[in-house]
Amino acid sequence: MPFHARPDDDWIACPRCRAPLVRVARSGIPRPSCPACGFTFFVNPGVGAASVIRDAGGCVLLVQRAPGQFGAGKWCFPCGFVEWGEDVRAAAAREAREEAGVDVVIGDPVQVASNFHEPEKPTVGIWFAATLADPGVRPVPGDDAVAVGWFDPAAPPPLAFPTDADLLGRLARG
Ligand SMILES: [Zn+2]
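Residues numbered from 1 in each chain as written. Predicted model: local features only at pLDDT ≥ 70, side-chain atom pairs only at ≥ 80, totals over all residues. Heavy atoms only, no water.

A. Examining the sheet that holds strand β8 (residues 123-132) more closely. Pairing is mixed in the open sheet, where four strands are placed in the order β6-β3-β8-β7. Two strands bound the open sheet, and with one partner strand each, they are β6 (79-81) and β7 (104-115). Along the sheet, successive strands turn relative to each other by an average axial angle of 25°, direction set aside. As paired strands, strand β3 (residues 46-53) and β8 are joined by eight bridges and run parallel to one another. The partner of I53 across the bridge, within β8, is A130. (Pairing = 2+ DSSP bridges. Helix = DSSP H or I, 4+ residues; strand = E, 2+ residues; numbered from the N terminus. Axes fitted to C-alpha atoms, helices over the stretch in contact; angles between N-to-C directions.)

Take a look at the structure:
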């Protein structure tokens, strides 16, 4: 496993009771642990969900990322973090609605991958095939997106995420 900075590297006090933290190895990894109250912090990747929406001609719906985001100005599938307690498919549908203004029906996963484009914030991404609930709907950018568009998978615009590029390459090859 390559080294990645951990958000807990510089933690010194228990977030629950404020006692000094020690590092205790669990599964071979030192975890911030509190001798006073028993709190142990396990850091894990975030989980992202994306919708892969294709039109009748095989073009995919992509969104252009807004300023201030990773990859601002570049493009990606509608995607975002799964909220705590939220179903992963519901998250994919919510992001399509928020970023592209479309209601979708979520289908099968078409890609699962670890993302290391931000080494300090690794994530696991799940890309779902998705179809427009209303095929005649006109996508509109919202939330974290400044533009939306349909693109040939073989000729995408500049992409924010290498894993989106992997998937588009596979879609382009059929
Ligand atoms: Zn504590």
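B. Focus on the environment of L167. Tracing the sequence through the fold places L167 in helix α2 (residues 162-172). For the pair L167 and W127, spaced 40 residues apart in the sequence, the C-alpha separation amounts to 8.9 Å. If sequence neighbours within four positions are ignored, L167 has contacts with V52, F77, V110, Q111 and W127. (Contact = heavy atoms within 4.5 Å.)

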